Every structure is written in structure tokens, then in C-alpha cells.
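# A structural walkthrough
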Amino acid sequence: MGVKEIDADVLVVGSGVAGVMAAVKAARMGCKVVLASKGAMRSGNSVLVGGGWLLASKDFPPDEYVNFTLEGGKKINDAKLVRVMAQRGEAMISALREMGVPLERRGNRIWWVKMDTWKRSAGIVLMDALMEHIKHERIMAIPWLSIIELLMDEGRVSGAVGVSREEGPVVIDTKSVVLATGGGGGIYKRHDNHKRTRGDGYWLALRVGLPLWDMEFVQFYPLGLAEPHLPPLMVPPPIPKEGKAIDSDGEDIVKKHGLRFSLNEFIMEHRDQFTLILTGETEKGKVYLDYTGLPEERWEKPRLNRFGRINPDSRSRPFSVAPVVHFFMGGVEINEFAQTAIPGLFAAGEVTAGVNGANRMGGNALMECTVFGNIAGESAARYAMGVRRGKLKREIVGGKFPWKEERKEVKDLFRQVQDLTWTHAGPIRNGQSLQEGLSRVSELEGRLAELEAAGRSLELNEVKGSVLISKAIMRASLEREESRGAFYREDFPQSDDDHWLKNILLKLDGETGDFIVSHRPVEGP
Ligand SMILES: Cc1cc2nc3c(=O)[nH]c(=O)nc-3n(C[C@H](O)[C@H](O)[C@H](O)COP(=O)(O)OP(=O)(O)OC[C@H]3O[C@@H](n4cnc5c(N)ncnc54)[C@H](O)[C@@H]3O)c2cc1C
């Protein structure tokens with residue numbers, strides 16, 4: 001099979017909210033854009049969203065929004081990025097509405113995607129509206145194209161290698177690249193993410209020499225379904241006011257622990273604390289959500305109606321819930337212009353670090369994707385318009401690289417990665433378990449090498465990437481000897497601002513495959 005070549009000014013990797021916003025902006029500025037997704041164009045976590053944006057406005061002044069986000073992130077966020085969100089949020093909500101996304105404000109802080117019927121989820125309503133805008137003469141949208149390597153020329157990005165389901169190997173010759181590949185929740189056993197959300201952007205970045213920041217900070221959503229016959233989906237917010245979280249004896253968990261927040265406050269603003277409480281409860285017995293007290297007419301509302309169809313028993317009996325992996329706070333460092341440290345390489349959305357610190361506030365992921373997706377598109381376009389094309393090392397691609405992996409061993413290996421990441425880097429961690437997890441990772445690396453010797457494939461490549469990301473989470477977790485936000489170590493249960501008001505950076509040592517670890521003190525707000 002020959003290698004297909006495609007020219008672009010800007011390559012956007014990922015077609016979630018961040019990627020689409022970047023592609024549309026760069027195309028509107030006159031650039032030729034390739035928008036690649038390893039799945040369908042409507043893919044990633046963006047298609048699963050509950051549909052809430054947290055927004056600074058005159059009712060939630062920018063300074064308050066910044067403090068709220070920094071306090072929530074336990075002060076290790078990148079304050080300058082948060083300030084950009086505060087400044088640009090309102091304009092971006094207007095831009096989304098102009099693009100046809102139906103948004104309505106509820107309360108002072110959150111805008112929600114309006115759902116007219118249970119048949120289309122909030123994520124589908126959102127992505128359908130955005131997809132209309134990639135039908136643009138300067139955007140070449142390519143679904144089922146996995147980017148597996150970024151190419152460099154004299155220290156700047158010059159292209160990318162991909163594998164397409166239809167065309168086999170592909171080389172994209174481009175002046176700039178926007179990484180918008182989303183997070184990595186899919187490498188955990190219990191998660192509510194898209195199943196192919198496996199942290200590709202993290203290993204793409206590591207392999208061109210960028211460090212990853214804050215990888216120990218993984219957010220859990222406290223109320224994931226734990227019914228044996230259903231997938232571990234998030235129970236969508238807002239939780240009806242009649243809904244109660246109860247233990248196996250039917251006792252109200254909020255009252256039992258004397259908690260001062262409502263369930264909705266917990267799932268929007270204090271997911272970290274509530275996850276710990278529920279994890280403790282699930283070690284003793286089961287946790288249930290009880291919706292049986294809801295008046296019948298409430299089930300007619302589209303969001304609840306949709307949930308009632310997925311989980312019909314929720315109308316008649318309490319249903320079992322437990323925390324699930326939801327969001328990665330860490331990732332690639334960017335500045336206010338969505339630039340990484342590599343010329344020509346930009347990033348936006350969940351693949352980046354900085355905005356959310358140690359714990360994300362509900363609604364800030366979509367805001368981050370919208371604001372920084374737009375900025376990344378603009379910066380990547382400006383950069384592309386001002387540089388000459390770099391040299392592309394085409395000889396890198398070659399040989400057979402099958403799209404679909406039929407080997408059972410590869411699937412089994414991925415399941416082992418998910419099990420071990422959950423077991424050793426779940427909601428409650430400790431040094432001994434992290435050390436054990438890291439030695440199990442080394443064993444998996446050995447097994448990976450054997451499988452690779454028997455033949456490369458796209459799926460094996462992804463599994464190899466997920467092993468690396470699992471190792472990054474554990475290595476950073478072992479380094480941080482305290483607890484902060486969503487990160488909890490039972491052997492260091494307190495936050496320690498004197499020593500740990502800093503970010504942990506992991507750089508890949510290309511020779512040994514290990515991480516070089518360093519710390520960076522947080523800049524003050
Ligand atoms: C169930 C659920 C509900 C949520 N609800 C909300 C909410 O209401 N409000 C909020 O603020 N946040 C919410 N979030 C978080 C938010 O959805 C995500 O952080 C956000 O959608 C991420 O968008 P993204 O564009 O960065 O990545 P994604 O939407 O995940 O898209 C990633 C894209 O990258 C592509 N990709 C990945 N790797 C490659 C590769 N190697 N080559 C080519 N393409 C690749 C994928 O195919 C996909 O197109 C929710 C998350 C979940 C899981």
C-alpha cells in the first residue's frame with residue numbers, strides 16, 4: 001500500500017469542541033485546514049456532554065469567576081489562562097449561539113444546551129450544530145484517521161503521520177498543528193468517557209519532547225452508574241431536588257456525614273470531596289441514588305426522560321452508583337495564545353493542563369475547549385501564514401500498519417492496563433500501591449515489546465500509548481507527597497502548601513523510556 005500525502009496550512013488533530021472551534025477559526029482566517037479524527041467526526045467526549053458552560057458575566061464578575069476556579073483547583077492552576085477564560089467567555093457564548101448551538105442560562109453562572117426532546121442528547125445537539133461549520137471550502141474533514149506521530153524539522157513541527165481506515169498510511173505536510181485530542185479517561189476500568197479516549201495527545205506530545213504537567217490530577221465524577229447490567233455512565237446533572245444519595249441501610253448520606261452542600265453543589269463544584277466520601281461508603285456497602293420521590297411530570301423533561309429510558313428501573317427503585325473517571329486535569333502546557341513550547345505546535349481542550357489545577361469546576365471544560373479552541377485556531381493560522389513549509393521526512397512512514405487488530409492478546413493487554421490503572425491510581429492512592437503499579441507497568445512493557453516484535457498495528461500502538469500514560473499518572477502520583485483536590489494519598493492525607501504549591505512535570509527519556517521528573521513552583525495569581 002502506498003503512502004498518501006496531503007498538504008495543509010493547519011492540521012487540527014481531533015474533532016471535539018476544541019478541534020472544531022480551532023478548525024473553523026483557522027479556515028475563516030484563510031488557511032487550508034485538515035481536520036482529522038480517529039473516529040467519526042462527531043466523536044470524543046464532546047458528544048457525551050451534559051451540556052453546561054460555566055461563564056463569567058455581570059452576574060458572576062470575572063474576578064469572582066477567576067477566584068472560584070483557582071480556589072476549586074486548589075491554587076495550582078495557571079492563573080493567566082483562567083483570566084483569559086474570564087475575559088473571553090461571554091463573547092464565545094455569543095459566538096456559539098450564532099453558530100446555532102441552542103444555549104439557555106439557568107441561574108447566574110451556568111449556560112446549558114437546550115434539549116427539546118429526549119431523542120437527541122445535549123452532546124448530539126451541540127455537535128450537530130458545530131458540524132455544520134466544518135462544511136467549509138477550506139476544511140478537509142477526515143474521519144477515521146489516527147495520527148500516530150508528529151514530524152519535526154529543525155526544532156519545529158512540519159507534519160504528521162497517520163493511519164487511515166480507508167487509505168492506510170498517510171503523511172500530512174503542514175505548517176502548524178493543533179492538538180485537540182481530548183483526555184485519557186478510557187484507560188481506566190471505570191470511566192464515563194468515550195471508549196477511545198485514551199490519551200493519544202499526551203504520548204504524541206511526549207514523543208516530540210514536550211513535558212506533561214499535573215498528570216496525577218484525574219477527576220472522578222462521584223455519581224456514575226454502578227448497576228450490573230448498565231455501562232458506568234454519569235448520572236446527568238442537574239440532580240432533581242427530590243433525589244437523594246443513600247447507603248445500603250437507606251440512610252441519607254448527605255445528612256449522615258453532616259455535609260453542607262446539596263448533591264448538585266457537590267457534583268458541580270466539589271466532586272473531589274464527594275468522591276472520597278462515596279468511595280469510603282462503597283468500601284462498606286453500596287451507594288444508591290433514590291429518584292422514587294420525583295413527581296411523574298418531572299420524568300417528561302427531556303434530560304430526565306432520556307435517563308429514565310437508559311435506566312428504566314430508576315423510576316421505581318433506588319439505583320446503584322459509584323465514582324467513575326471523568327476528566328484529566330493534566331496534560332500539555334500552553335500559554336495564553338495556546339502555544340506549546342514547540343514552534344508551530346498548538347493545543348486546546350482537555351489535552352492541555354493549567355486551567356483546572358487540582359480539580360475542575362463543572363462547566364469549565366466546555367468553556368476551556370471553546371475559548372482555547374478558538375485561540376489555538378487563530379494562533380495556528382497566524383503562524384502558518386508567516387512561515388515557509390518545513391522539510392518533511394517522508395521515509396519515516398512505510399511498511400504495513402494494519403488498522404484493525406484481531407489479536408486477542410492485544411485486547412487482553414488493554415484490559416490489564418485498565419484494571420491496573422484503576423487499582424493503583426484510583427480515587428484513593430498510596431505510595432506502596434503506586435510502586436506496585438509501576439512494577440506491573442514494567443511487566444506490561446515487556447509484554448508489549450514481545451507483541452510488537454510479532455507485528456505492529458494501530459491498536460497495539462494505542463495500547464502502548466495507554467501504558468505510557470498510566471505510568472505517567474502513577475509516577476507523578478508517587479512524587480506528590482500530599483493530598484490536593486481530586487488527588488488523594490492516604491499516606492499523605494493533608495494538603496501541604498509549604499512544599500507542594502507547585503506543578504509536577506514529566507519528560508520522556510527517549511533512551512530509557514522512563515520519566516525525568518521536575519517541579520515548577522506555581523506563579524501567584
Ligand atoms: C459524560 C461526560 C459529560 C460531560 N459533561 C460536561 C459538561 O456538561 N460541561 C463541561 O464543561 N464538561 C463536560 N465534560 C467534559 C468535556 O466533555 C470534555 O472535557 C470535552 O468535551 C473535551 O473536548 P475536546 O475537544 O478536548 O476532546 P474530545 O471531545 O474528547 O475530542 C477528542 C477528539 O480527538 C480525536 N482523537 C484522539 N486521538 C486522536 C488521534 N491520535 N488521531 C486523530 N484523532 C484523535 C477523537 O476522535 C475526537 O475527535 C463531560 C465529560 C463526559 C465524559
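Residues numbered from 1 in each chain as written. Predicted model: local features only at pLDDT ≥ 70, side-chain atom pairs only at ≥ 80, totals over all residues.

## Some details on the overall build of the protein
Looking only at helices and strands, the protein features 14 helices and 18 strands. A compact globule built from 525 residues would reach a C-alpha radius of gyration of about 24 Å, and the protein, at 22 Å, matches this within 12%. Sorting the 525 residues of the protein into buried and exposed places 53% on the buried side. Sequence separation of 24 or more characterises 74% of the internal contacts of the protein that already satisfy a separation of 6 or more. (Helix = DSSP H or I, 4+ residues; strand = E, 2+ residues; numbered from the N terminus. Rg over C-alpha atoms; globule rule 2.2 N^0.38 Å. Buried ≥ 20, exposed ≤ 12 C-beta atoms within 10 Å, placed from the backbone. Contact = placed C-beta atoms within 7 Å.)

## Some thoughts on helix α5 (residues 200–207)
With seven of eight residues buried, α5 is to be regarded as a mostly interior element. All buried positions along α5 are accounted for by D200, G201, Y202, W203, L204, A205 and L206. If you follow the buried residues of α5, they end up packed against β7 (145–153), β9 (168–179), β10 (212–213), β15 (331–332), α13 (458–479) and β17 (502–508). Within two residues after α5, G209 carries a phi angle of roughly 95 degrees, on the positive side.

## Thoughts on the nonpolar core
V10, A22, V33, V178, L179 and A348 are the most contacted members of the largest nonpolar core, which totals 159 residues. Three or more residues apiece are contributed to this core by two domains, here domain 1 (220–325) and domain 2 (408–521). Discounting chain neighbours no more than four positions away, the residues touching V33 are A8, D9, V10, V12, A23, A26, A27, R138 and I139. (Core = buried A, V, L, I, M, F, W, Y, C linked by C-beta atoms within 7 Å. Domains from an automatic or database assignment.)

## Some words on the site of the ligand
As a matter of local geometry, the ligand sits amid 39 residues, with G14, G16, G44, G182 and G349 nearest to it. Counting residues per element, the ones that place at least two in the shell around the ligand are α1 (17–28), β7, β14 (319–328) and α10 (364–386). Classifying every residue of the shell around the ligand gives 13 nonpolar, 22 polar and four charged. (Near = placed C-beta within 6 Å. Nonpolar A, V, L, I, M, F, W, Y, C, P; charged D, E, K, R; others polar.)

## Focus: the domain arrangement of the protein
Along its sequence, the protein is organised into domain 1 (220–325) and domain 2 (408–521). Each of domain 1 and domain 2 was reduced to a C-alpha centroid, and the two centroids are 30 Å apart. Taken together, the contact pairs seven residues of domain 1 with five residues of domain 2. With five residues, the single largest contributor to the side of domain 1 that touches domain 2 is helix α8 (residues 271–284). Tallied by class, the residues present in the side of domain 1 that touches domain 2 amount to three nonpolar, two polar and two charged.

## Thoughts on the packing of helix α12 (residues 431–453) against α13
For any two helices packed against each other, the geometry comes down to the angle between their axes and how far apart the axes lie. Close contact between α12 and α13 brings their axes to 10 Å; oriented N to C, the two are set at 160 degrees. If you check the angle between α12 and α13, you find them roughly antiparallel. In this structure, α12 crosses over α13, and the sense of that crossing is left-handed. Mapping the contact onto sequence places G431, L434, Q435, G437, L438, V441, L444, E445, L448, L451 and E452 in α12 and L460, K464, V467, S470, K471, M474, R475, S477 and L478 in α13. Counted by class, the contact of α12 with α13 contains 10 nonpolar, five polar and five charged residues. (Axes fitted to C-alpha atoms, helices over the stretch in contact; angles between N-to-C directions. Parallel < 35°, antiparallel > 145°, perpendicular 65-115°, else oblique. Left-handed = near helix turned anticlockwise from the far one by under 90°.)

## Some remarks on the sheet that holds strand β18 (residues 515–521)
Taken together, four strands build an open sheet; the order of strands is β15-β10-β17-β18 and the sheet is antiparallel. In this open sheet, the two edge strands, each paired with only one partner strand, are β15 and β18. Here β17 runs beside β18; their pairing, made up of seven bridges, is antiparallel. Paired with I504 across the strands is H519, a residue of β18. Running at roughly 140 degrees to β17, α13 makes contact with β10, β17 and β18 of the sheet. (Pairing = 2+ DSSP bridges.)

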